[in-house]
Amino acid sequence: MASALQLQGVQGNYLCVSVRRGLHHCKPQIGFAAFGAPVCARRVWGNRVAFNVTTCKASTTSDVIEKSVTENRVVSIEGETSFTCVMKFGGSSVASAERMKEVATLILSFPEERPIVVLSAMGKTTNKLLLAGEKAVSCGVTNVSSIEELCFIKDLHLRTVDQLGVDGSVIAKHLEELEQLLKGIAMMKELTKRTQDYLVSFGECMSTRIFAAYLNKIGVKARQYDAFEIGFITTDDFTNADILEATYPAVAKRLHGDWLSDPAIAIVTGFLGKAQKSCAVTTLGRGGSDLTATAIGKALGLPEIQVWKDVDGVLTCDPNIYPKAEPVPYLTFDEAAELAYFGAQVLHPQSMRPARESDIPVRVKNSYNPKAPGTLITKARDMSKAVLTSIVLKRNVTMLDIVSTRMLGQYGFLAKVFSIFEELGISVDVVATSEVSVSLTLDPSKLWSRELIQQELDHVVEELEKIAVVNLLQNRSIISLIGNVQRSSLILEKVLYYAPFI
Ligand SMILES: Nc1ncnc2c1ncn2[C@@H]1O[C@H](COP(=O)(O)OP(=O)(O)O)[C@@H](O)[C@H]1O
Ligand SMILES: N[C@@H](CC(=O)OP(=O)(O)O)C(=O)O
């Protein structure tokens, strides 16, 4: 049996063992059969089994190593335990001192967990920072100190520090630097995307420092981390950067290593990264803290990623449109990704990717109502009764109708159309075709509600008009029905039946 297993290393509390092909269908039993009952396999994904070493006797663990370790891996197991889950709290969850206290209480209500906590900026701080930046461009250096949004941010953070009884020095340097930066923007009369990312990073840098200081004050050992200092390496696409693969081992090494030398709850800035080429601070697109959380989950191979919101999970539709929207108890990664991509602002569109790649369940919970079961997002779920899961609205969509009689019975027309989009680097969202026309919507970017700039659109239309008649429609919306594809006929039947009465 031992030869069928190969030790992969230790991730967090888990001793990861890969199981030879064909054997992994026996899954957790392998732990029991090969190593005895005290070793309990808690996580199984792909051909890997993770044994929770907190529950296993040292002798049994050594036995696992002795039987399975490969020459180059040095593993020390005894006493080696680290994080058990990621808990992400968004802006609404940490909007005030009161909310931060509640979040601290919530974290401590799970004494069995040793979480990595990912935080967003307090409340609407990111929006305010963006507005302050825009105002700084034209207000003149001498007026920067009185920009309303800057005053609001200063007041909110200083008040929070005061109400939590932590030392104001934790954010003093950041507030000073923030004002300097806005003065710099005012002097240059310019706000580049790169500067914009640096500007908004102050939100997460301050919320995490305040929260970590508060935990330490109440006797819970916590350590603050800026994501851009611990290995979050991204592309240089400012305002919309992608996380690069090098991030995962780097983040795991740093967080796990720190825990081993000096255990403390980790408080990490969401949303931020470091550009691979320029080394400047980047952001992962609006709502990007969800992605930070799932990336950390993947890096450390943790058993669960929790995303705490201000609603009872993913809902059947946007509660701002229909207040009676109900929580969806289970979703697959694919459903959640579609839902997010097509406009449900509850999750970042890219956030499911790391969770899906490492098959780690994501739980969406309500920090205002922790008892609510929330939504559990996993690789697969029982679809036998699923019909329609949710309805999603995506606004500010740009649509193109491309009509050509040359399409009739011809091959290669659609290939020509799509090659134009490829050349111009624009991705397409939704496509519908008939014999003589193709209608499609354009994906502006990962940034919600950003319209393609007019120049880009003119260029697309100009190119397409060489082969067809083009009609450009702006400010449209996409309504998506996320449901069981096996039952799409039933869904359409119901929609079309009710549609005339809406
Ligand atoms: N289908 C949906 N399910 C749940 N929330 C939704 C949905 N569509 C839109 N929302 C909105 O998303 C908000 C939560 O997302 P977000 O503001 O990013 O949370 P946080 O700041 O806590 O990360 C909710 O308050 C709700 O108004
Ligand atoms: N603060 C960033 C990142 C983020 O994820 O925020 P939230 O979790 O509050 O959506 C934003 O507003 O986009």
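All values derive from a computational prediction rather than experimental measurement.

### Details of the sheet that holds strand β15 (residues 375–378)
Reasoning step 1: Read across the sheet, eight strands follow the order β7-β9-β6-β5-β12-β14-β15-β13 without closing on themselves; strand pairing throughout is mixed. One side of each edge strand has no neighbouring strand; the edge strands of this open sheet are β7 (222–225) and β13 (330–332). Within the sheet, the average angular offset between the axes of one strand and its neighbour, ignoring direction, is 20°.
Reasoning step 2: Looking at chain direction, strand β12 (residues 305–309) and strand β14 (residues 362–366) are connected through five bridges and run parallel. When the bridges of β14 are listed, glutamine 306 appears paired with arginine 363.
Reasoning step 3: The strands that helix α7 (residues 193–217) touches are β6 (115–119), β7 and β9 (265–269); relative to β9, the one it contacts most, it runs at about 165°.

### Observations concerning the pairing of strand β10 (residues 272–275)
Reasoning step 1: Bridge analysis of strand β8 (residues 233–234) against β10 gives two bridges, and the strand direction is parallel. When the bridges of β10 are listed, isoleucine 233 appears paired with lysine 274.

### What about the site of ligand 1?
Reasoning step 1: If you check the shell around ligand 1, you find 16 residues, and the closest are Lys88, Lys309, Asp310, Leu315 and Asn320.
Reasoning step 2: Between glycine 91 and ligand 1, the recorded distance is 3.4 Å, taken from a backbone N or O atom to an oxygen atom.
Reasoning step 3: Within the side chain of asparagine 320, one N or O atom sits 3.0 Å away from an oxygen atom of ligand 1.
Reasoning step 4: Computed on the free molecule, ligand 1 has an accessible area of 570 Å², of which 83% lies beneath the protein chains in the complex.
Reasoning step 5: Considering only residue class, the shell around ligand 1 consists of six nonpolar, six polar and four charged.

### Points about the site of ligand 2
Reasoning step 1: Around ligand 2, the surrounding shell consists of Lys88, Gly90, Gly91, Ser120, Ala121, Thr126, Glu204, Phe271, Arg286, Gly287, Gly288 and Ser289.
Reasoning step 2: Within the side chain of serine 120, one N or O atom sits 2.7 Å away from an oxygen atom of ligand 2.
Reasoning step 3: Contact between ligand 2 and glutamate 204: a nitrogen atom at 2.7 Å from a side-chain N or O atom of the residue.
Reasoning step 4: Of the residues in the shell around ligand 2, the class split is two nonpolar, seven polar and three charged.

### Concerning the confidence of the model for the protein chain
Reasoning step 1: In the predicted model, the protein chain carries a mean pLDDT of 83, and 80% of its residues have values of at least 70.
Reasoning step 2: In the model, residues 52–80 has pLDDT below 50 throughout and makes 53 contacts with residues more than four positions away in sequence or in other chains.
Reasoning step 3: Overall fold confidence for the complex sits at a pTM of 0.82, while the interface term, ipTM, reaches 0.98.

### Structural notes on the sheet that holds strand β16 (residues 388–403)
Reasoning step 1: Strand order across the open sheet formed by four strands is β17-β18-β16-β19, with antiparallel pairing between neighbours. At either margin of the open sheet sits one strand with a lone partner, and together these are β17 (427–433) and β19 (469–483). Sheet twist, expressed as the mean angle between neighbouring strand axes with direction ignored, is 35°.
Reasoning step 2: Sheet analysis places β17 next to strand β18 (residues 437–443), joined by five bridges and oriented antiparallel. Within the sheet, the bridge partner assigned to valine 428 lies in β18 and is leucine 442.
Reasoning step 3: Here helix α13 (residues 454–464) sits on the sheet in contact with β16, β18 and β19, set at roughly 110° to β19.

Rules used in this analysis
Residues numbered from 1 in each chain as written. Chains lettered and ligands numbered in written order. Predicted model: local features only at pLDDT ≥ 70, side-chain atom pairs only at ≥ 80, totals over all residues. Heavy atoms only, no water. Pairing = 2+ DSSP bridges. Helix = DSSP H or I, 4+ residues; strand = E, 2+ residues; numbered from the N terminus. Axes fitted to C-alpha atoms, helices over the stretch in contact; angles between N-to-C directions. Contact = heavy atoms within 4.5 Å. Near = heavy atom within 4 Å. Polar contact = N/O pair within 3.5 Å; in protein donor to acceptor, adjacent residues only side chain to side chain. Areas by Shrake-Rupley, 256 points an atom, 1.4 Å probe, with all protein chains shown as cover. Nonpolar A, V, L, I, M, F, W, Y, C, P; charged D, E, K, R; others polar. pLDDT = per-residue confidence, 0-100.

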